[in-house]
Amino acid sequence: MSERLKLANYIDGRLTPPQHDHWLDVFEPATGAHYADCPDSDGADIDTAVAAATRAFPHWSATPVAQRARFLNRIAELLEARLEEFAHAESRDSGKPVALARSLDIPRAVSNLRFFATAVTQFASEAHAMDGAINYTLRQPLGAVACISPWNLPLYLFTWKIAPALAAGNTVVAKPSEITPLTAWMFAQVCIDAGLPPGVLNIVHGSGAATGQRLVAHPGIKAISFTGSTRTGAAIAAAVAPRFVKASLEMGGKNPTLVFADWEANETNWATLVRSAFSNQGQICLCGSRILVERSIYAKFKAEFVEKVRALRVGDPRDPASDLGALVSQAHFDKVMGHIALAREEGGTILCGGDAVRVQGRCAGGWFVAPTVIEGLGPACRTNQEEIFGPVVTLIPFGNEDEVVALANATNYGLAASVWTTHLARAHRVAARLESGIVWVNCWLKRDLRTPFGGVKQSGIGREGGLDALRFFTEPKNVCINLE
Ligand code: NDP
């Protein structure tokens, strides 16, 4: 049996164990094996990390922008050089196929760092000339900020937060998910190798309920950037409201995929549509989980879709032939299976999947679920209202444009939608009417990092991406100069 990995916090430039020697078990989802121990940090670790970040702030915020950008680029370069190693680690920790981590997660983490290294050099602010005076807006970094990220895209979302925070001149205390801490731990070594000054980035591992909560409540934290579930987002919003701490909350989704009869059903579009439902085992906040199909093509669409979903291979994430790997944890596996049982109770018909998958050999103990397609459920039932965050989608027929817009908007969420049609004017009309932060037309997950990213309703408050992220991580100050 190989020895268990012992992870560490990264505080004040050093890898350090938790002060009270408490640890959490980390499991490999594909095998169910306990393979690493992660610090279960408490208030003492958070205090030390916030103190280190606070001490580092004056120097880091005064470091010339070009030099901060050079640090981020250096980290990106070192990360890219270890891409294969990171891809394997991300796959092992989260259960996703190595191929996905290699093509999506780690390259995107590299891009996040490079993007914000460049963006901050282009960041500018406004000036307002008036009679007898001129105003200009200073945008200044906030201080020590908290970045809290989830398990579904571990390093991808971790870097998506820390890169703009650091680029803008803040220092950071980051808390990755306790479920997938591995690549954040490895990333700390990359930062050390890149010579990032001590205290500029601190990574404190531990549970959300203890470590995360202590971080959010810490009086030294000037802003919080959070991605995770709506439930946790609501708890954070409530915790910080009395202190008026700035918070950006990216939360859950129940995204609609709208397929009109005139959509171009070619091979590329089919592949994208299937990917939009099941990529990363459906554990991407942007995955479409309610597929709304125009009634005139419903039967044909259903038959083809189910055939393509049946052809997806669930298996060892290390196997290049696997389209889907394992769900991230036993608890999440149980939750997803519970939702499938609920869909049955609600009267849904399972068209394919609906069961756990037993993978032979090394992965016999893993948490695998077959990609599942359900029909026959109304828009108001729990299956069509609650985020499942697994390889489970429903099919719902619609009659016309008004009806599909109403169906698409009929949840508390509003993160992303995709619309499939060749009717140009309809694409624009529908995009404008959807209650959604992001609308893709005839595509999915095409990302330009300059665009505003985030949701409406219970999917989020605030926007990430591009200049929005740099604005979030800075405070505008108006300076008025009298010219008379
Ligand atoms: P959680 O809300 O459970 O956790 C997110 C992060 O918050 C984790 O680091 C978690 O720690 C931490 N946390 C949990 N409780 C607290 C607390 N009380 N105070 C401070 N931090 C806390 O989400 P999941 O990790 O389960 O992620 C899945 C969710 O994330 C889905 O709902 C998905 O839609 C959403 N998501 C949204 C995205 C978006 O851009 N809108 C993108 C990706 C995912 P720990 O894990 O250690 O408990």
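Just above, that's the structure.
Just so it is clear, the model here is predicted, and its values are computed rather than measured. (Residues numbered from 1 in each chain as written. Predicted model: local features only at pLDDT ≥ 70, side-chain atom pairs only at ≥ 80, totals over all residues. Heavy atoms only, no water.)

Enquirer: Can you break down the sheet that holds strand β23 (residues 474–482) residue by residue, with the values?
Expert: The strand order across the open sheet built from 3 strands is β6-β7-β23, with neighbouring strands paired in antiparallel fashion. In this open sheet, the two edge strands, each paired with only one partner strand, are β6 (127–130) and β23. For this sheet, the mean angle separating the axes of adjacent strands, direction not counted, is 20°. Looking at chain direction, strand β7 (residues 133–141) and β23 are connected through 9 bridges and run antiparallel. Each bridged residue has a counterpart across the sheet, and for Leu138 the counterpart in β23 is Lys477. (Pairing = 2+ DSSP bridges. Helix = DSSP H or I, 4+ residues; strand = E, 2+ residues; numbered from the N terminus. Axes fitted to C-alpha atoms, helices over the stretch in contact; angles between N-to-C directions.)

Enquirer: Before we move on, can you summarise the pairing of β6 with the specific residues and values?
Expert: Two strands pair when backbone bridges link them, and β6 and β7 are joined in this way by 4 bridges, in the antiparallel orientation. Residue Ala127 lies in a different strand from β7, and its bridge partner there is Tyr136. If you look at the hairpin formed by β6 and β7, you'll find 2 residues sitting between the two strands, and Gly132 has a positive phi there, around 80°.

Enquirer: Can you explain unusual backbone geometry? Please cite residues and give values.
Expert: Unusually for a residue other than glycine, Gln281 sits at a positive phi of about 60°. One can find Gln281 in the loop between α9 (267–278) and β14 (288–294).

Enquirer: Give a detailed account of the side chain of Arg68, specifying residues and quantitative values.
Expert: Counting through the fold element by element, Arg68 comes out in helix α2 (residues 65–81). In this structure, Arg68 is buried with no salt-bridge partner, the nearest side chain bearing the opposite charge being Glu475 at 15 Å. Polar side-chain contacts of Arg68 include one of 3.3 Å to the backbone oxygen of Ser61. If near-sequence neighbours (up to four positions away) are discounted, Arg68 is found in contact with Trp60, Ser61, Thr63, Leu166, Ala167, Ala168 and Gly169. (Buried < 20%, exposed > 50% of the residue type's maximum accessible area, 1.4 Å probe, protein only. Lys, Arg positive; Asp, Glu negative; His and termini not counted. Salt bridge = Lys/Arg side-chain N within 4 Å of Asp/Glu carboxyl O. Polar contact = N/O pair within 3.5 Å; in protein donor to acceptor, adjacent residues only side chain to side chain. Contact = heavy atoms within 4.5 Å.)

Enquirer: Provide a residue-level description of the packing of aromatic side chains, including the pertinent values.
Expert: Inspection of the entire model under this criterion finds 17 aromatic pairs. For the pair Trp60 and Phe71, a centre-to-centre distance of 5.7 Å together with 50° between the ring planes defines the contact as tilted. Of this pair, Trp60 sits in helix α1 (residues 43–62) while Phe71 sits in helix α2, and the two are 11 residues apart along the sequence. For the pair shown, Trp60 and Phe71 are each scored as buried. A centroid spacing of 4.9 Å and a plane angle of 85° characterise the contact between Phe115 and Phe116, whose relative ring orientation is edge-to-face. We note that Phe115, like Phe116, is buried. The rings of Trp263, Trp270, Phe278, Phe301, Phe305 and Trp420 are connected pair by pair, giving a single aromatic cluster. (Phe/Tyr/Trp six-rings, centres within 6.5 Å; stacked < 30°, edge-to-face > 60°.)

Enquirer: Explain the packing of α1 against helix α7 (residues 208–217) to me, using residue names and the numbers behind them.
Expert: Packing of α1 against α7 leaves a shortest axis separation of 9 Å and a crossing angle of 40°. When the axes of α1 and α7 are compared, the pair comes out oblique. Our pair here, α1 against α7, has a crossing hand that is right-handed. Counted together, Gly43, Ile46 and Val50 of α1 and Thr211, Arg214 and Leu215 of α7 form the full contact between these two elements. Grouping the constituent residues of the contact of α1 with α7 by class yields 3 nonpolar, 2 polar and 1 charged. (Parallel < 35°, antiparallel > 145°, perpendicular 65-115°, else oblique. Left-handed = near helix turned anticlockwise from the far one by under 90°. Nonpolar A, V, L, I, M, F, W, Y, C, P; charged D, E, K, R; others polar.)

Enquirer: Quick one: what's the story with the site of the ligand, residue by residue and with numbers?
Expert: Near the ligand there are 31 residues, and of these Ser229, Thr232, Met251, Cys285 and Glu387 occur at the shortest range. Within the contact set of the ligand, an oxygen atom lies 3.3 Å away from a backbone nitrogen or oxygen of Gly206. Surface burial for the ligand is 89%, taken as the share of its 890 Å² of free accessible area covered by protein chains. Of all the secondary-structure elements, those providing two or more residues to the shell around the ligand are α7, β11 (223–227) and α8 (230–240). The element contributing the most residues to the shell around the ligand is α7, with 4 residues. Of the residues that constitute the shell around the ligand, the class distribution is 13 nonpolar, 14 polar and 4 charged. Domain assignment of the residues forming the shell around the ligand places at least three in each of domain 1 (5–251 + 459–480) and domain 2 (255–448). (Near = heavy atom within 4 Å. Areas by Shrake-Rupley, 256 points an atom, 1.4 Å probe, with all protein chains shown as cover. Domains from an automatic or database assignment.)

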